[in-house]
Amino acid sequence: MNENILHITNGSCVKLAEIPVLAYDAFRATTLELLGDKARHCASYFAYPCNDDLKLMMCIADDSAHDILVYACEVEKGARLASAAADCLALERFEREIYENWGLEFEGHPWYKPVRNFFPDKYKFFEMEGEELHEVGVGPVHAGVIEPGHFRFICNGEDVLHLEIQLGWQHRGVEKLMLEKKRLIERVLLAEGIAGDTSVSHSTAFATVWESLCGYTPSEEVLWARTLAAELERMANHTGDLGAICGDVAYQLGAAVFGRLRTPIVNFSQRWCGNRLGKGNVRPAYAPYSFTEELKQQLLKDLAAYERDFLEMCDKIQHFPSVLSRLDRTGVVSTEQAESIGAVGMAAKCAGVCRDTRASHPYGLYSSLDVQPVVKTTGDVLARTELRIDEVKQSLAIVRKLLENMPAFDGKMQSAGTPEAESFAIALTEGWRGEICHCAITDADGELAAYKIKDPSFHNWMALALAVRGNEISDFPICNKSFNLSYCGHDL
């Protein structure tokens, strides 16, 4: 079936006419055949209006061949189609979203529930019967400062038998706004706000898509700045999460130290670009904030102080029995489960599935940095804790290597140009949670006709639901924090 597939690389732009269009039966069969290879996963699957019908666009990432397989299918609005998710669970949320957005029905779908909560009073939760069973509802309003999500547990005593997660309370309409807003700066600001704690990686994906549409190749200084900012974003969030994990198991020293250590990383971002979360630091075609020798020396000083205390605290939590007893074998996601749901990023790598875009589909300067993905096999909270520790150590080495080869910045504002008409572009980046995917399609005038965003949380919320099964309900906070998935990244 290879003649019916277009092979492209990350950050590519192609004419829509080059993308093979299959009949739905062939589209479905091709998808199932391709995803039968464990080295491949669905990076994006979406529908958009095409003339008076709809076009399905499939993008499958091949991690071993380092390319992306793209093909399409035209269907009538309101069509009833055989579900591919019935035979490949990893597609279930993609099909549900297509149905929810465009009304295409997938017959035989294994779990036909809303992806996003447009009608909360009509949502029907899964039910189990038994005199000893009870339900526990948490959210959507939380006691702390946190985004909305509802968690419905079915328990036998303290043991969790099932967790159903209801998301989509925010109704932000980001993808629609990407089409309605015509100024580039407005679209950049939308990209930065997809998931605020991942603003660098999402805005890098947007910038890459836009530059690709315009046929623009960014300079080394631009790629250098984006790569450095992404690794600092990874370090800050992993460090903060380690503090939160310690807090959830009542190890207050770890919570305090890791919480303090996040501060100099985000404060350096503030010093560099004026924003602690890196907003404003990524723009299409140019690097808006030069990186100076003074900034380099400050960062090296900050990293030296950070690393000393970070390593000391990591040694403590990795050998402290009362911490390990709460993390070890808690919230396990097996390799088979991670593969079946199409998990990405941390959720995948902690369960033995090597899935890291920096290595498999390199972008920016990652092709020259030889990133070796950190992979664990136990799939538990301890694995997700240790992965964060190892990735921070890796990021420290990457940042120092980047600083050794700091380019000169000219500080000039550049324009990528005008997008090509009737074209398709795709960009994958590896946010600290995992794979991000942005896809853009232009019309005959070069205007955006469709824009599709996928945050790693879209794949991984199901992993949390699986992780808590067989655990006590009191373990839910630590399981939840060990994934730290994004509500807003999911609730587009």
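Above this note sits the structure.
The notes below deal with the structure included here. (Residues numbered from 1 in each chain as written. Predicted model: local features only at pLDDT ≥ 70, side-chain atom pairs only at ≥ 80, totals over all residues. Heavy atoms only, no water.)

## A short note on the overall build of the protein
In step 1: Helix and strand counts for the protein stand at 16 helices and 13 strands.
In step 2: Over its C-alpha trace the protein gives a radius of gyration of 22 Å, about what one expects of a compact globule, namely 23 Å for 492 residues.
In step 3: C-alpha extents for the protein along the principal axes are approximately 70 × 60 × 35 Å.
In step 4: Residue burial in the protein is summarised as follows: out of 492 residues, 57% are buried.
In step 5: By sequence separation, contacts in the protein at least 24 residues apart represent 68% of the contacts at least 6 residues apart.
In step 6: Carbon and sulfur atoms make up 50% of the accessible area of the protein, which amounts to about 19400 Å² in all.
In step 7: In the protein, 49 positive and 70 negative side-chain charges are present, and the distance between their average locations comes to 5 Å. (Helix = DSSP H or I, 4+ residues; strand = E, 2+ residues; numbered from the N terminus. Rg over C-alpha atoms; globule rule 2.2 N^0.38 Å. Buried < 20%, exposed > 50% of the residue type's maximum accessible area, 1.4 Å probe, protein only. Contact = heavy atoms within 4.5 Å. Areas by Shrake-Rupley, 256 points an atom, 1.4 Å probe, with all protein chains shown as cover. Lys, Arg positive; Asp, Glu negative; His and termini not counted. Charge placed at Lys NZ, Arg CZ, Asp CG, Glu CD.)

## Side note on the nonpolar core
In step 1: Ranked by internal contacts, the top residues of the largest apolar core, which has 80 residues, are Phe 291 and Leu 464.
In step 2: It is helix H6 (residues 220-248) that contributes the most residues to this core, 13 residues altogether.
In step 3: In this view, Phe 291 contacts Trp 224, Leu 228, Phe 268, Trp 272, Lys 296, Leu 299, Leu 403, Met 406 and Phe 409; residues no more than four positions away in its chain are not counted.
In step 4: Counting 30 residues, the second-largest nonpolar core is a separate cluster that includes Val 75, Ala 79, Leu 81 and Phe 458. (Core = buried A, V, L, I, M, F, W, Y, C linked by side-chain atoms within 4.5 Å.)

## Let's talk about the state of the cysteines
In step 1: Throughout the structure, instances matching the rule amount to 0 disulfides.
In step 2: Among the cysteines around Cys 354, which has no disulfide bond, Cys 350 carries the closest sulfur, lying 12 Å off.
In step 3: By relative accessible area, which is 46% here, Cys 354 ends up partly exposed.
In step 4: Note on Cys 439: no disulfide assigned, nearest cysteine sulfur contributed by Cys 437 at a separation of 3.8 Å.
In step 5: Here Cys 439 falls in the buried class, since its relative accessible area comes to 1%. (Disulfide = S-S within 2.5 Å.)

## Thoughts on a nonpolar patch on the surface
In step 1: A cluster of nonpolar residues, Phe 126, Met 128 and Leu 161, forms a patch on the protein surface that exposes about 230 Å² of accessible area.
In step 2: Positionally, Leu 161 belongs in strand S10 (residues 159-166). (Patch = residues over 30% accessible without salt bridge, like charges linked within 9 Å, V, L, I, M, F, W, Y side chains within 5 Å. Salt bridge = Lys/Arg side-chain N within 4 Å of Asp/Glu carboxyl O.)

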